[in-house]
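# Structural description and commentary
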Amino acid sequence: MENVIDVKDVWVSYDGVRVLESVNLTVKDKDFLAIIGPNGGGKSTLLKVILGLIKPDKGSVTLLGGRPTKTRKDVGYVPQYHSSNLDFPVTVWDVVLMGRLSHKGPLQRYNDEDRNAALEALKTVGMLDFKDRQIGELSGGQKQRVFIARSLVTKPKLLILDEPSTGIDSRMQKEFYELLNKLKSEIAIVMVTHDISAVSVYVDKIGCLNRKFHYHDDKEISPHDLEVSYQCPVELIAHGVPHRVLKEH
Amino acid sequence: MLEVLQYDFMRNAILAAILASIACGIIGVYVVVKKIVFISGGITHASFGGIGLGYYLGINPLFGLIPFSLFSAIIMGLVSKRAKVAEDTAIGILWSLGMALGIILIYWTPGYAPDLMTYLFGNILTVPMSDIYLMLGLDLVIILVVYAYYKHFMALCFDEEFTTVSGLSAEKLYLLLLCLIALTIVLLIKVVGIILIIALLTMPASLSRHYTNNLGKMMYLAIIFGIFFSLAGLFLSYFFDAPSGATIILSMSTVYILHFLYDGLKPKIAS
Ligand SMILES: Nc1ncnc2c1ncn2[C@@H]1O[C@H](COP(=O)(O)OP(=O)(O)O)[C@@H](O)[C@H]1O
Ligand SMILES: [Mg+2]
């Protein structure tokens, strides 16, 4: 099977300010990659380039064997900041069903299969009881769980998550990581996170993005490497890091 | 009071009010929830160029209006999304450009431009039967397209980025929605006129948002509000001999403002 993501020599700048510099990245089937890095390091930008939402100045992206604009419908995406319009009149149920839209043409109604997928996804994130609530009435963490559910109902071949655990309480976070751990036996996952201590148990690779991308096939990155070579601030990872994964400094 | 219904012009006016309210209820809901009131105002005013074109070519101004308003909707949609200027600036410029074109075309038209005031301020009492058929046809187009793309428009209005990642063209859907707004403008123009269309497009929908959290139900409610207010305005216009566009908007605004005053003055109850 070909690579799930192939990013080759990608450069991006906003109004002349360089944000990504010669980024190379490969994700294979059933890989679980965590991306860390300082705020403004370009993590969200990289995810958007992978999804074809931002066109790089230079370089190429292959997603699921094709052009991102063609293949992204098979990707489940949970963005960092929601562009969604939160006083919009929709319920949690409507929002999760929207995840099935990529399978629907005009005139086609949602069927039992769609509804079952939505039900399952809501159960998975523990939001089934809220299915008839207005999306705007939920707390930040609850909304996040709904958006995670929406990304799951697409039956994606790849999940792209941009700081998905923001605002989610610790019990739910643990369940969420367990869920990702289950999913990774079937699909590839790319997740931006600051919570490296929690995910290091589950991920296969950790990459650090600070304009340039550095990554490791093994999880043994020394804080020294992160701080000195890559300018990835260590305070992101130093707190409560299991010895097994990252050496203490 | 009922004897006024025997007049053909009154019957047509009532039909026009109902047909206009249907389009206005459905499309107005999208305008309100997607917060595209400004671009809708831009398309409305730029469409004056189409009225001018109709006069200049010596055809029914509505037949100048239909292609021109669709064209303005598409140009405005593309320019506001793609141009390297702020969206509201782009809309503001095209808004005036369309009107300027209309003014010049009307100025160049030999003789007098009949009914010009009707297109600017509306006169529901002078809608001919041929316009009623046109309105009916446009309503059918709007209902069919919204029926087919209901889910897609919902996703578009809720979250454009997600719609794009789902493999849909958010831009094409947005342009389609703007074209439906353009057709709605054609439907509303004889009822309230270019200057007042935005009020009719937004008030019933905004009012309905207060009574339901469901997009589809909002549309039904907005249609009912629209019919109620336009008929009320129509009778006020007839009995007080005042322009119908203004009486419709006045009756609607009065209720709207009272509603929100009442709502604002009510003590907030912790729920
Ligand atoms: N749409 C944009 N226009 C201009 N600058 C942007 C835009 N989006 C992001 N940036 C800038 O690019 C840099 C990288 O942003 P981002 O990818 O969001 O970083 P991260 O997700 O790692 O915090 C930041 O300096 C940010 O200010
Ligand atoms: Mg980010």
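Residues numbered from 1 in each chain as written. Chains lettered and ligands numbered in written order. Predicted model: local features only at pLDDT ≥ 70, side-chain atom pairs only at ≥ 80, totals over all residues. Heavy atoms only, no water.

### Brief notes about the overall build of chain B
Counting its secondary structure elements, chain B contains 12 helices and 0 strands. Its helices and strands taken in sequence order, chain B reads α-α-α-α-α-α-α-α-α-α-α-α from the N to the C terminus. C-alpha atoms of chain B, sized along the principal axes, occupy 55 × 45 × 35 Å. Taken as a whole, chain B presents about 12,100 Å² of accessible surface, with 73% of it coming from carbon and sulfur. In chain B, 13 positive and 13 negative side-chain charges are present, and the distance between their average locations comes to 10 Å. (Helix = DSSP H or I, 4+ residues; strand = E, 2+ residues; numbered from the N terminus. Areas by Shrake-Rupley, 256 points an atom, 1.4 Å probe, with all protein chains shown as cover. Lys, Arg positive; Asp, Glu negative; His and termini not counted. Charge placed at Lys NZ, Arg CZ, Asp CG, Glu CD.)

### Some remarks on the pattern of salt bridges
Oppositely charged side chains are able to pair whenever their charged atoms sit close together. Residue and element names in this part refer to chain A. Taken as a whole and assessed by the stated rule, the structure comprises 23 salt bridges over all chains. In this structure, Glu-113 and Arg-100 form a salt bridge, with 3.5 Å as the shortest nitrogen-oxygen distance. Separated by 13 residues along the polypeptide, Glu-113 in helix 4 (residues 112-124) and Arg-100 in the loop between helix 3 (92-98) and helix 4 bring together distant segments of the chain. Relative accessible area serves as the criterion here: at 55%, Glu-113 is assigned to the exposed category. Residue class for Arg-100 comes out buried when judged on its relative accessible area of 4%. (Salt bridge = Lys/Arg side-chain N within 4 Å of Asp/Glu carboxyl O. Buried < 20%, exposed > 50% of the residue type's maximum accessible area, 1.4 Å probe, protein only.)

### Things to note about the domain arrangement of chain A
Residue and element names in this part refer to chain A. Per the domain assignment, the segments making up chain A are domain 1 (1-75 + 157-249) and domain 2 (84-155). Listed as interface residues are 14 residues of domain 1 and, on the opposing side, 11 residues of domain 2. In total, domain 1 and domain 2 occlude about 940 Å² of area from one another, counting both sides; carbon and sulfur atoms represent 67% of this. It is Lys-73, Met-172 and Leu-179 that lose the most area in domain 1 upon contact with domain 2, and together they represent 38% of the buried surface on that side. Here domain 1 is connected to domain 2 by 0 salt bridges. At the surface where domain 1 touches domain 2, the tally comes to 1 residue pair in polar contact (both at pLDDT 80 or more). With 4 residues, the single largest contributor to the side of domain 1 that touches domain 2 is helix 6 (residues 170-183). The class makeup of the residues in the side of domain 1 that touches domain 2 is 8 nonpolar, 2 polar and 4 charged. (Domains from an automatic or database assignment. Contact = heavy atoms within 4.5 Å. Buried area = accessible area lost by both parts, 1.4 Å probe. Polar contact = N/O pair within 3.5 Å; in protein donor to acceptor, adjacent residues only side chain to side chain. Nonpolar A, V, L, I, M, F, W, Y, C, P; charged D, E, K, R; others polar.)

### Let's talk about the interface of chain B and chain A
Of the residues lining the interface, 25 residues belong to chain B; the matching set on chain A comes to 33 residues. Counting each side, the surface lost to burial between chain B and chain A is near 2,600 Å², with a carbon and sulfur contribution of 62%. For the chain B face of the interface with chain A, the top three residues by lost area are Lys-151, Phe-158 and Val-165 of chain B, together amounting to 29%. The tally of links between chain B and chain A comes to 3 salt bridges. For Glu-161 of chain B, the salt bridge goes to Lys-48 of chain A, with nearest N and O atoms at 3.7 Å.

### Side note on the site of ligand 1
Residue and element names in this part refer to chain A. Neighbouring ligand 1 are the residues Tyr-14, Val-19, Pro-38, Asn-39, Gly-40, Gly-41, Gly-42, Lys-43, Ser-44, Thr-45 and Gln-80. In this structure, an oxygen atom belonging to ligand 1 sits 3.2 Å away from a main-chain N or O atom of Gly-41. In the complex, the protein chains occlude 57% of the 560 Å² of accessible area that ligand 1 would expose alone. Among the elements that take part in the shell around ligand 1, helix 1 (residues 43-50) stands out by supplying 3 residues, more than any other. Considering only residue class, the shell around ligand 1 consists of 3 nonpolar, 7 polar and 1 charged. (Near = heavy atom within 4 Å.)

### Quick word on the environment of Leu-200 of chain B
Residues and elements named next belong to chain B. Relative to the assigned elements, Leu-200 resides in helix 10 (residues 197-209). In this structure Leu-200 comes out as buried when scored by relative accessible area, which is 4%. Taking the C-alpha atoms as reference points, Leu-200 and Ile-248, separated by 48 residues in sequence, lie 8.4 Å from one another. Here Leu-200 is in contact with Cys-24, Leu-188, Val-192, Ile-248, Ile-249 and Met-252, once residues within four sequence places are set aside.

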